[in-house]
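If you want the building blocks of each chain, they are given just below.
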Amino acid sequence: MRPTMTNIATGQTIPLAAQETPEHSHAHPHDHEHRSHSQADHEDHHHEKKTVLLEQAILSKNDRLAERNRGWLAERHILALNLVSSPGSGKTTLLEKTIADLQKEFPVSVIEGDQATLHDAERLRRTGCAVVQINTGAGCHLEADMVARGLESLQPSTQSVVMIENVGNLVCPALFDLGEQARVVILSVTEGEDKPLKYPHMFQSAHLVLINKIDLLPYLSFDIDQCLRYVNMVNTSAQVLQISAQTGEGLSAWYRWIQQHRSIGPDGKGL
Amino acid sequence: MHELGITRNIVNIVTEQAHGAKVTDVTVEIGKLSAIMPDAVRFCFDVVSQGTSLEGASLHIREIPGQASCHTCGITFPLEELYDSCPCGSRNITRLSGEELNIKDMVIV
Ligand SMILES: Nc1nc2c(ncn2[C@@H]2O[C@H](COP(=O)(O)OP(=O)(O)O)[C@@H](O)[C@H]2O)c(=O)[nH]1
Ligand SMILES: [Mg+2]
Ligand SMILES: [Zn+2]
Ligand SMILES: [Zn+2]
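Now for a look at the structure at hand.

Turning our attention to the overall build of chain B. Within chain B, the regular secondary structure consists of 2 helices and 6 strands. In chain B, the succession of helices and strands from N to C terminus is α-β-α-β-β-β-β-β. Expected size for 109 residues packed as a compact globule is a radius of gyration near 13 Å; at 17 Å, chain B overshoots this value by more than 25%. Its C-alpha atoms give chain B principal-axis dimensions of about 50 × 25 × 15 Å. Each of the 109 residues in chain B was classed as buried or not, and the buried ones make up 55%. Within chain B, counting contacts between residues at least 6 apart in sequence, those at least 24 apart form 69% of the total.

Okay, here's the thing in C-alpha cells:
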C-alpha cells in the first residue's frame with residue numbers, strides 16, 4: 001500500500017511518492033569519483049568489479065529534508081511538535097482537547113499520520129482546525145518528505161503551531177527526524193511503567209514526556225515513581241508531566257509548556 | 001516490520017550512487033544499540049531491491065558493538081543497553097559506538 005495525503009477540508013487525496021526528493025534526483029550530473037557509465041563502457045569492461053566508497057548515513061536523505069523543514073518553519077516562526085506514542089496512548093484525544101482550549105489564542109493545524117483511515121483527521125477536523133491526513137500504508141512512521149508535503153498543503157500561518165501526530169509506534173519514529181522543534185512522547189498508564197527501558201531511543205530523544213490517563217491510576221498497579229525513575233535513566237533532561245486528556249487534569253502545565261516553546265521559537269529568538 | 005524504512009533508504013542511496021550500474025555487493029554498518037535488527041534488514045533487502053540495479057546483490061552487515069568511555073573513572077567499557085551506566089556507577093559517560101546506521105561501500109560491475 002502506497003502512502004497518500006488527504007486534505008480533510010476538500011476531501012482530495014493524492015498519492016505521495018515516498019522517498020522521492022525532487023531536489024536530489026539528478027544532483028550528480030558529473031561524478032568524478034566513478035568511471036563514466038556509458039553503455040559502451042559497460043560492454044568493454046564486462047566483468048571488471050569496482051568498489052565504490054559511499055560512507056554515508058543511511059538516514060542522510062531524511063535528515064537533510066528534516067533540516068529543510070526546520071528552516072521553513074523557522075522562517076515563519078512556527079512551532080512544530082512531533083507527537084509519538086504507542087497506538088491508543090491518547091495522542092488524538094490530547095490534540096482534540098488542546099486545540100479546543102488553545103485555538104482562540106493562536107492558530108493550530110495538524111498533520112495526522114496513520115497507516116490507514118481518515119478517522120483521526122476527521123475527529124480533529126471537528127475542532128475546526130486545519131488538518132491534513134497522511135496515510136503511510138505499509139510504512140510505520142512519518143518521514144520528513146511527508147511532513148514537507150503536509151506543510152505545503154496546510155500552509156500554516158506565521159506564528160502558529162503545527163502538531164504532527166506520528167504513527168502509533170515507539171520504534172522507528174525515533175529514527176526519523178521530521179524537522180520538529182520538539183518531540184513529545186506520550187505514555188499512558190495502562191501500558192506499564194517499563195516502556196522507557198523497552199524503547200530507550202524514543203524516550204531518549206524526547207524533550208517532553210506526557211504520562212497520560214492518570215484518571216485511571218486508582219484502578220491500576222502502575223507505579224508512577226518507578227516510571228519516572230526509568231524515564232530519568234534514559235533521559236536526564238526531558239521534562240515529565242502527568243495528565244489526563246480525558247478529564248483535563250494536568251493540562252494547564254502542558255499548555256504552559258507549549259507557550260514556553262512558542263516564545264523560545266525555532267531559532268531560539270522567540271516568535 | 002520496522003526495518004522496511006531503513007532498508008528502503010539503503011536501496012535508494014545505493015541505486016542513486018550506482019547510476020544504473022549493476023551492484024553486486026553492499027556493505028553497511030549497524031550498531032547494536034540502534035534498535036535495528038540485521039536479520040530483518042536482510043529479509044527486507046531482498047524484497048526492496050527487486051527490480052532495481054541491486055537485485056540479487058549480497059548485503060554485508062557489520063554489527064558494531066556498543067562502547068562508552070567514563071568521565072569519572074576514565075575507563076572504556078562495553079555498552080549493552082543505551083542507558084547503561086559505567087561499572088563504577090557513574091552516568092557521566094560518552095557513547096563511542098553502537099548507534100551506527102551507515103552505508104560503507106558497494107561493488108559495481
Ligand atoms: N481514561 C482515559 N482514557 C483516555 C485518555 N486519553 C485517551 N483515552 C482513550 O484512549 C483511547 C485511545 O485514544 P486515542 O486518542 O485515539 O489514542 P491515539 O491512538 O494515541 O491517538 C480512546 O478510547 C480514548 O478515549 C485519558 O486521559 N483517560
Ligand atoms: Mg490517533
Ligand atoms: Zn516501524
Ligand atoms: Zn566509571
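All names here are of chain A. Residue position: Phe106 is located in the loop between helix H3 (91-102) and strand E5 (108-114). According to the relative accessible area criterion, Phe106 is buried, its value standing at 4%. A C-alpha to C-alpha distance of 24 Å links Phe106 and Thr6, two positions 100 residues apart in sequence. Leave out the neighbours within four places in its chain, and Phe106 touches Gln159, Val161, Ile258, Gln259 and Arg262.

Residues and elements named next belong to chain A. Each protein donor to the magnesium ion (ligand 2) is listed here as Thr92 (OG1), Asp120 (OD) and Glu165 (OE); together their distances run 2.0 to 2.1 Å. Motif for the magnesium ion (ligand 2), donor spacing along one chain: T-x27-D-x44-E. Taken together, the positions of Thr92 in helix H3 and Glu165 in strand E7 (residues 161-165) put the pair 73 residues apart, joining distant regions of the chain. Here Thr92 and Glu165 have matching classes, each one buried.

A separate point is the packing of helix H1 (residues 3-18) of chain B against helix H2 (residues 38-48) of chain B. Residue and element names in this part refer to chain B. Interaxial distance between H1 and H2 falls to 9 Å at its minimum, and their mutual angle equals 55 degrees. Relative to H2, the element H1 lies oblique. Once H1 is placed against H2, the crossing between them reads as right-handed. Only Ala40, Val41, Cys44, Phe45 and Val48 of H2 make contact with H1, whose side of the interface consists of Glu3, Leu4, Thr7, Arg8, Ile10 and Val11.

Residue and element names in this part refer to chain A. On inspection of all chains with the given rule, the structure shows 1 aromatic pair over all chains. For the pair Trp254 and Trp257, a centre-to-centre distance of 5.9 Å together with 20 degrees between the ring planes defines the contact as stacked. Placement of both Trp254 and Trp257 in helix H9 (residues 251-264) is noted, with a separation of 3 residues, approximately one turn of the helix. The same class applies to Trp254 and to Trp257, which are both buried.

What counts and what doesn't
- Residues numbered from 1 in each chain as written.
- Chains lettered and ligands numbered in written order.
- Predicted model: local features only at pLDDT ≥ 70, side-chain atom pairs only at ≥ 80, totals over all residues.
- Heavy atoms only, no water.
- Helix = DSSP H or I, 4+ residues; strand = E, 2+ residues; numbered from the N terminus.
- Rg over C-alpha atoms; globule rule 2.2 N^0.38 Å.
- Buried < 20%, exposed > 50% of the residue type's maximum accessible area, 1.4 Å probe, protein only.
- Contact = heavy atoms within 4.5 Å.
- Donors = N, O, S within 2.8 Å, 3.2 Å for Na, K, Ca; no water.
- Axes fitted to C-alpha atoms, helices over the stretch in contact; angles between N-to-C directions.
- Parallel < 35°, antiparallel > 145°, perpendicular 65-115°, else oblique.
- Left-handed = near helix turned anticlockwise from the far one by under 90°.
- Phe/Tyr/Trp six-rings, centres within 6.5 Å; stacked < 30°, edge-to-face > 60°.

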